[in-house]
Structure formats: C-alpha cells, structure tokens
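An overview of the molecular structure
Residue strings, one per chain:
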Amino acid sequence: MSILEEARELVKNQQYEQAEKVYLDLLNRDVKTISEKNKNEQETCILELGELYVTTSAKEKLRDFIPHSTEYMMQFAKSKTAKVLKTLIEKFANVPDSLDDQIFVCEKSIEFAKNEKRIFLKHSLEIKLATLHYQKKQYKDSLQLINELLTEFKKLDDKPSLVDVHLLESQVYHKLRNLVKSKAALTAARTAANSIYCPSVTMAELDLMSGILHCEDKDYKTAFSYFYESFENFHNLTTKKSYEKACQVLRYMLLSKIMLNLIDDVKNILNAKYTKETYQSREIDAMKAVAEAYNNRSLLEFNTVLKQFQKELMGDDLTRSHFNALYDTLLESNLCKIIEPFECVEISHISKMIGLDAQQVEGKLSQMILDKVFYGVLDQGNGWLYVYDTPHQDATYDSALELVGELNTIIDQLFEKASILY
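All values reported here derive from a predicted model rather than from experimental measurement.

1. So, the pattern of salt bridges
When the charged atoms of two side chains with opposite charge come close together, those side chains can pair. This structure, assessed with the given rule, holds 20 salt bridges. For Arg 63, the salt bridge identified is with Asp 101, shortest N-O distance 3.0 Å. Here Arg 63 is found in helix α4 (residues 59–73), whereas its partner Asp 101 is found in helix α6 (residues 99–115), with 38 residues between them in sequence. The shortest N-O distance in the salt bridge between Lys 245 and Glu 205 comes to 3.6 Å. Of the two residues, Lys 245 sits in helix α13 (residues 240–259) while Glu 205 sits in helix α11 (residues 200–216), which places them 40 residues apart along the sequence.

2. Let's talk about the environment of Glu 48
Mapping Glu 48 onto the fold places it in helix α3 (residues 36–55). Remark: the alpha-carbon pair of Glu 48 and Leu 132, spanning 84 residues in sequence, is separated by 24 Å. Setting aside anything within four residues of it in sequence, one finds Glu 48 in contact with Leu 4, Arg 8 and Tyr 23.

3. Section: the UniProt feature "domain: PCI" (unreviewed entry) in the protein
Per the UniProt record, the feature "domain: PCI" (unreviewed entry) sits at residues 223–392. Secondary structure content for residues 223–392 is 72% helix and 8% strand, and the end C-alpha separation is 35 Å.

4. Describing the environment of Tyr 294
Residue placement: Tyr 294 occurs in helix α16 (residues 282–295). We classify Tyr 294 as buried; its relative accessible area is 8%. For the pair Tyr 294 and Leu 330, spaced 36 residues apart in sequence, the C-alpha to C-alpha distance is 6.4 Å. Each residue touching Tyr 294, except ones within four places of it in the same chain, is listed here: Ile 258, Asn 261, Ile 263, Leu 326, Thr 329 and Leu 330.

5. A short note on the state of the cysteines
A complete count under the given rule lists 0 disulfides for this structure. For the unlinked cysteine Cys 215, the closest cysteine sulfur is that of Cys 247, found at 18 Å. Residue classification places Cys 215 among the buried residues on the basis of a relative accessible area of 0%.

6. Regarding the sheet that holds strand β2 (residues 375–379)
With antiparallel pairing, the 3 strands of this open sheet are ordered in space as β1-β3-β2. The open sheet has two free edges, formed respectively by β1 (344–346) and β2, since each of these has just one partner strand. Averaged over all adjacent pairs, the angle separating strand axes in this sheet is 20°, with direction ignored. Bridge count between β1 and strand β3 (residues 384–388): 3 bridges; the pairing is antiparallel. Paired with Cys 344 across the strands is Tyr 386, a residue of β3. Across the sheet, helix α20 (residues 347–354) lies against β1, β2 and β3, angled at about 65° from β1, the strand it touches most.

7. Let's talk about the side chain of Ser 281
By the element assignment, Ser 281 lies in the loop between α15 (273–278) and α16. Look at Ser 281 and you get buried, because its relative accessible area is 18%. Polar side-chain contacts of Ser 281 include one of 3.3 Å to the side chain of Glu 283.

8. A few points about unusual backbone geometry
Residue Asp 97 is not a glycine yet carries a positive backbone phi of 55°. On the secondary structure map, Asp 97 appears in the loop between α5 (78–92) and α6. Residue Asp 97 is classed as exposed on the basis of its relative accessible area, which comes to 71%. The backbone phi angle of Lys 218 is positive, close to 65°, even though this residue is not glycine. Relative to the helices and strands, Lys 218 resides in the loop between α11 and α12 (220–236).

9. A short note on the nonpolar core
If you look at the biggest cluster of nonpolar residues, it comprises 65 residues, and the most contacted ones within it are Ile 46, Leu 62, Phe 65, Ile 66, Leu 85 and Ile 146. Ignoring anything within four residues of it in the chain, the contact list for Ile 66 reads Leu 85, Leu 88, Ile 89, Phe 92, Val 105 and Ser 109. The next biggest cluster of nonpolar side chains, apart from the first, holds 58 residues, and it includes Phe 309, Leu 313, Val 345 and Ile 350.

10. A look at helix α9 (residues 159–175)
Here α9 is 17 residues long and its end C-alpha atoms lie 24 Å apart, about the 24 Å a rise of 1.5 Å per residue gives. Buried residues dominate α9, accounting for 13 of its 17 residues. One or two steps after α9, the chain reaches Arg 177, where phi turns positive at roughly 65°.

11. Remarks on helix α14 (residues 263–271)
For α14, the complete set of buried residues consists of Ile 263, Val 266, Ile 269 and Leu 270. Along the axis of α14, the buried residues cluster in a sector spanning 115°; they form a single face. Within α14, the exposed residues directed more than 90 degrees away from the buried face are Asp 264, Asn 268 and Asn 271. Elements in contact with the buried residues of α14: α12, α13, α15 and α16.

12. Some points on the packing of α4 against α5
Helix-helix packing: each pair is described by the crossing angle between the helix axes and the interaxial distance. Running from N to C, α4 and α5 point in directions that differ by 180°, and their axes come no closer than 11 Å. With respect to α5, the axis of α4 lies roughly antiparallel. Along the contact surface, α4 presents Lys 59, Leu 62, Arg 63, Phe 65, Ile 66, Ser 69, Thr 70 and Met 73, while α5 presents Thr 81, Val 84, Leu 85, Leu 88, Ile 89 and Phe 92. Split by residue class, the contact of α4 with α5 holds 9 nonpolar, 3 polar and 2 charged.

The rules behind these values
Residues numbered from 1 in each chain as written. Predicted model: local features only at pLDDT ≥ 70, side-chain atom pairs only at ≥ 80, totals over all residues. Heavy atoms only, no water. Salt bridge = Lys/Arg side-chain N within 4 Å of Asp/Glu carboxyl O. Helix = DSSP H or I, 4+ residues; strand = E, 2+ residues; numbered from the N terminus. Contact = heavy atoms within 4.5 Å. UniProt positions renumbered as here; feature names shortened; annotations may be inferred. Buried < 20%, exposed > 50% of the residue type's maximum accessible area, 1.4 Å probe, protein only. Disulfide = S-S within 2.5 Å. Pairing = 2+ DSSP bridges. Axes fitted to C-alpha atoms, helices over the stretch in contact; angles between N-to-C directions. Polar contact = N/O pair within 3.5 Å; in protein donor to acceptor, adjacent residues only side chain to side chain. Core = buried A, V, L, I, M, F, W, Y, C linked by side-chain atoms within 4.5 Å. Expected span 1.5 Å × (residues − 1). Arc of directions from axis to C-beta. Parallel < 35°, antiparallel > 145°, perpendicular 65-115°, else oblique. Nonpolar A, V, L, I, M, F, W, Y, C, P; charged D, E, K, R; others polar.

Right, dumping it as structure tokens:
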C-alpha cells in the first residue's frame, strides 16, 4: 500500500489527525524531488489535504495551508499551479462562516501571482476576490477591484473575463439599488457575450440577472421568461451548486406568477414532473403556501405563512423586497372580498374580520376609494362604510363629447380662414 493510499484509508475511517500527519509528511519528504511521478503525487496530496480540511471545517488550518502550499507548487507547470490554487480556493467556499478567511487567502494568493509575474492567474484571483467582497457586502472594495479589472481586460480584449466582471458589476450595483448602472453593466455583459461562446452557467447567470432587473421594474411577465431560460440552463447542469441555483430561480418564477395573480400557472409549475420529482424543499413549499393565501385573498393566511416560513421567505433579498407590494395588494384584495356582500358595513366589523386596527383599516379604505378601487363613502361619525355599485358609464356620452370637440375644432379653423378673407 502506497503512502497516499494509506492516507485515504485513514480518511475513510475518519481518522483525520493521522491522515493529516501522513499527508504533511509526504509533502515535506517530496518537496526537494523533481521526478514527474512525485510531482503528480504532490499535486494529489495538496488537493486531498485541502479536501480533508474542508471536510473537518478546519478553516484556520486551511487559511494557513493554502498560502503555504504555493511553496510546493513552485516546481509545477504554471497551468497546473493555477489549477491547484484555484481549486483549493473554490473548495474553501464549502467551509461555513469562512468569508474573511477566504478573502485573506485570496489576497495572499494574488501577492504570490504578482511576485511570480503570473498575470492571468492574478486576474482570475482578483475576480474571485471581488466576488468575495460582494458576498461580504463590502461593495466599495468590490467596485474598486472591478473598475481596475475592466480597464485591464479592455486593453487585452479578454471577452470571457469582461462578461464575468460586467455581470458581477451589475450584481453589485443592484445591491446598491443603482438600477440604472446595474442595467448598463448587464447590457455590457450581454454585448461581450454575444461575440463569444459562453458556457451554459454564464448564460444562466445573465438570464437570472435580467429577470431580477425586470422584476425591479415590475415587468413580471418579461422577468418570468428570463427566469425560465435561466432555470432550464441550471436544470440541465448536474452540480450541487447548479441545483441550488435552479431552486432559487424556480422560487423567482413562482414569485413572478404570484405577482401577476396567475395562481393557476403557479399550480401548473408546481405539478410539473421535474418540480415534483426534483425540486421539493421548504422554500418551494413556502411559495406554494403564499400562492394559496393570495388566491384565497386572505391576509390572515398570508401573515401565518410569513411567520411559518420566515427564514425561507425573508432570507432572500428579491422575495423580501416584493413582499411589501404583495402585502398591500393582498390587503386591498382582502378588504374588497370582505365588503363585497355589503351595501353598508361597520368599520369595526371589517377590522375584526381582517385582524387589523380599525384606524389602519379606515385609512386604507379611504385610500382605496380615492384610487377608485371601489366606489363608496366613509361615514366617520357612525363608523360606517357605504359601498356603491360600480357605475356603468354610457359610451354614447363619451362619443357625443368627442363629436362636439371635433366640431369645435372645425369651427375654429373656419373662423380663422374667414378672418383672412376679410
């Protein structure tokens, strides 16, 4: 049994400390050798030790190991060094609560790339660092890096990298609520993408961002079409990350249909074969419950769902930002449902049925009357609401007014011509 196989056997038996010792001994023993076989063993050893630290969530050890591992990589080919280093940093993302450590490791790796004059590796790591700053909500640092990278990539005419950086720029500006710059960055990303072949995952991310921006403009129909394209791309990929993204996009698809009040479409999506078999989660159940509450025009059900699925619904920025609008819409719908059978009803009765303060209900009813959501009058002295039927305006009246207006225009023109003659 080789030393590597021995280490793997220890990992399999969950003897992680002994396995770590074997891996480190192997690395230190082979550091001065230059045979191709030992180089391959060293590469495997570095990757497997990194995976071991990820499995045990040893973020402090991984934080120290990745910068130190570059010493072992000095004898690797440049392409192999870049591959190993980027793989280790990507694996670090699987360790929970490690964003600060990932940023530290990225910065150290960028220093290594600068010292070794490995420009492409440096650029790749800087994109990763800008992404980590974005995830950490350090938007200023992220934008600073993005602007530097855009300048360099435009000089190099590196279209694939321009797509990635412009997409990240759009995401950052969206978080900063600067939708104009976010749209401009996304347009630039799509322009660059049109001239090259883009991987499915990149196209899925572009479609996702387009859908989010259309959602912000309340154009839910267009947003749904982009979300659907994004979902199809993520669905066809097989990685764990793409599955998580597909679940996220599916929630946005359901959100778009709910905002359009197309509850039957929500049911069709939920009853689709791929949804039933593959995408069953609390997040999807939460959106289903919201759709049912919205369909029943029940504010009480809606509030219950929000409490029951608070983490799933309020943990996402897009869903949370649109639920305020959904709440107002549902409140109006619920009030209309309650007052529908009445010609005169007490405000206190409406307040009791909807479960809100009477003053709050009165203010909302007043706003709805002014917005002509329904026709009625508030009797504040008695605390009553009179509800009237929606008036049916005679089309003949509008036609007559239009005709009189046209005749008036013609008479004015004739008067002007007559004035010229005399």
